[in-house]
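# Descriptive structure summary
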Amino acid sequence: MFSVNQSTPSVRRIAVIGSGMAGLTAAIKLSSQGHDVSVFEKSRGPGGRLSSKRVTDGAVDFGAQYFTARHAGFRQFLDTYAGPGSYAHWPARFVFQRNDGSREAFPDDERFVGVPRMTAVSRALSGHVNLHGSTRIRNLARKDSTWELVTVDGERLGPFDRIVLTVPPAQASDILLESGLTDLAGRIDGMAGSLLPCWAVALHFQEPLDPGFDGLRCDHPVFFWIGNNTSKPGRPPHGQWWMLHADPDWTREHLDTPEEEVVRELKEAFSELADIVAEPDDWLAHRWLYARSEHNDRPGSLWFADQGIGLAGDWLSGGRVEGAFLSASDLVSAMAD
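First, a word on what this report is: a plain description of the structure on this page.

Criteria and thresholds
Residues numbered from 1 in each chain as written. Predicted model: local features only at pLDDT ≥ 70, side-chain atom pairs only at ≥ 80, totals over all residues. Heavy atoms only, no water. Helix = DSSP H or I, 4+ residues; strand = E, 2+ residues; numbered from the N terminus. Buried < 20%, exposed > 50% of the residue type's maximum accessible area, 1.4 Å probe, protein only. Polar contact = N/O pair within 3.5 Å; in protein donor to acceptor, adjacent residues only side chain to side chain. Contact = heavy atoms within 4.5 Å. Phe/Tyr/Trp six-rings, centres within 6.5 Å; stacked < 30°, edge-to-face > 60°. Lys NZ or Arg CZ within 6 Å of the ring centre and 35° of its normal. 1 Å grid on protein atoms, 1.4 Å probe; cavity = no way out; pocket = protein on both sides within 12 Å on 5 of 7 lines; lining within 4 Å. Points joined across faces, edges and corners; volume = space filled by probe spheres on them. Nonpolar A, V, L, I, M, F, W, Y, C, P; charged D, E, K, R; others polar. Salt bridge = Lys/Arg side-chain N within 4 Å of Asp/Glu carboxyl O. Axes fitted to C-alpha atoms, helices over the stretch in contact; angles between N-to-C directions. Parallel < 35°, antiparallel > 145°, perpendicular 65-115°, else oblique. Core = buried A, V, L, I, M, F, W, Y, C linked by side-chain atoms within 4.5 Å. Pairing = 2+ DSSP bridges.

### Overview of the side chain of N139
- Within the secondary structure, N139 is located in strand β10 (residues 137–143).
- Residue class for N139 comes out buried when judged on its relative accessible area of 10%.
- A distance of 3.0 Å separates polar atoms of two side chains, one belonging to N139 and the other to R138.
- What N139 contacts, discounting residues up to four positions off in sequence, is E148, L149, V150, I175, E178 and S179.

Written as structure tokens, this is what we have:
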């Protein structure tokens with residue numbers, strides 16, 4: 001358990017905007033220090049990269065495909081607040097394919113997934129916070145020495161003593177600019193362009209496929225990642241769902257391409273790469289504008305003490321789900337100092 005920080009001078013009212021791993025981590029840790037924390041999320045439920053879409057026989061993971069737990073504090077946090085049953089080790093065949101077609105195994109590392117879907121982790125964590133879904137924040141407004149949140153519908157929420165932004169940098173920049181905080185927005189504008197887009201397509205096959213891998217990271221003009229979603233623990237074994245993540249450059253060239261055409265092109269490229277002739281009988285697609293961070297050199301978090309505003313997210317800590325946890329932990333420490 002994370003103990004209450006006895007040095008906290010007083011209980012603060014804190015608003016966390018965004019309910020991905022960073023937002024939920026920050027909210028739980030700040031609440032454990034005795035603060036009054038509210039989390040605001042534009043979607044109906046907890047969001048972020050732990051994203052899944054429901055299908056007739058379960059769900060398909062559209063965001064993060066797995067996560068690591070190299071930092072001992074991350075595993076402890078998950079076991080304490082999400083529960084050890086919310087995730088499991090994925091004993092998959094992970095392969096890297098070079099552009100010449102040669103393949104080699106991934107470096108040895110334990111990789112985890114949510115069970116029975118990636119959102120199981122975020123939903124379990126959200127049970128420990130005061131979450132307000134379907135609430136899109138447009139800007140912040142000063143009210144004496146505190147802040148109010150202004151929604152896109154003009155509703156004012158608050159007041160709050162501190163604000164934590166855990167949305168992608170472009171969205172955080174928009175909120176800060178709308179709030180007249182141009183200096184703060186300028187501090188993150190250079191980082192906004194480093195988040196890479198991704199078209200994600202899921203294909204369902206009635207008969208199992210075996211292209212020699214369960215997860216493939218590849219040097220390929222079309223793909224960044226290919227994974228057998230059905231091979232993950234806790235997934236119903238009815239046919240197979242395969243997740244295809246397009247290469248960032250390919251995605252940029254097809255940002256406005258209709259879904260049906262994107263699906264067709266990725267399906268054909270998958271058939272060629274995996275040497276399969278089977279046709280899928282169902283599909284789903286999603287376009288991520290901010291899929292993952294391009295660079296690992298990041299400050300961890302940003303804390304503007306004079307304004308009482310902090311930013312956290314995987315984009316500030318080298319990407320990855322674990323990076324979001326570390327970023328939020330770093331921010332909470334900075335706020336306490």
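What follows picks up the thread again.
### Observations regarding the packing of aromatic side chains
- Scanning the entire structure with this criterion turns up 17 aromatic pairs.
- Note on F40 and F160: the rings are 5.9 Å apart at their centroids and 80° apart in plane angle, and the pair reads as edge-to-face. Separated by 120 residues along the polypeptide, F40 in strand β2 (residues 36–40) and F160 in strand β12 (residues 156–160) bring together distant segments of the chain.
- Each residue in the set F67, F74, F77, Y81, Y87, F112 and F325 is aromatic and connected to the rest through ring pairs, giving one cluster.
- Across from the ring centre of F62, 5.6 Å away, lies the NZ or CZ of K53, which sits over that ring.

### Here's the deal with empty space enclosed by the protein
- This model, assessed by the stated rule, comprises one cavity of 30 Å³ or more.
- For the largest cavity, the full set of lining residues is V55, D57, G58, A59, N229, T230, R235, P236, H238 and W241.
- In terms of residue class, the lining of the largest cavity is built from four nonpolar, four polar and two charged.

### Quick word on the pattern of salt bridges
- Following the criterion strictly, the structure yields 15 salt bridges and no others.
- The closest approach of N and O atoms between D314 and R49, which form a salt bridge, is 2.6 Å. On the criterion of sequence distance, the pair formed by D314 in the loop between β20 (309–311) and α8 (321–336) and R49 in the loop between β2 and β3 (52–55) is long-range, its members being 265 residues apart. A single burial state applies to D314 and to R49, both of which are buried.
- A salt bridge links D210 to R93; the shortest N-O distance between them is 3.0 Å. Here D210 is found in the loop between β14 (195–205) and β15 (215–218), whereas its partner R93 is found in the loop between β5 (87–89) and β6 (94–97), with 117 residues between them in sequence.
- Overall, R93 belongs to the partly exposed group, its relative accessible area being 39%.
- Three or more residues are tied together by salt bridges with common partners; here these are D61, K232 and R235.

### Considerations on the packing of helix α2 (residues 72–82) against helix α3 (residues 119–126)
- Two numbers describe how α2 lies on α3: the axes approach to 8 Å, and their chain directions differ by 65°. Judged by the angle between their axes, α2 and α3 are roughly perpendicular. Mapping the contact onto sequence places F77, L78, Y81 and A82 in α2 and V121, A124 and L125 in α3.
- Looking at the contact of α2 with α3 residue by residue, the classes come out as seven nonpolar, no polar and no charged.

### Observations concerning the nonpolar core
- Residues M21, F67, V121, L125 and V164 are the most contacted members of the largest nonpolar core, which totals 41 residues.
- Elements with a contribution of two residues or more to this core: β1 (13–17), α1 (21–32), β2, α2, β8 (112–114), α3, β16 (223–228) and α8.
- Leave out the neighbours within four places in its chain, and F67 touches F74, L78, Y87, E110, R111, F112, V113, G114, M118, V121 and V321.
- Membership of the second largest hydrophobic core comes to 26 residues, among which are A15, F40, L181 and L195.

### Considerations on the pairing of β10
- Direction of pairing for β10 relative to strand β11 (residues 146–151): antiparallel, over a ladder of six bridges. Within β11, the position partnered with A141 by the bridge is E148.
- The hairpin formed by β10 and β11 contains two residues between the paired strands, and D144 there has a positive phi angle of roughly 60°.

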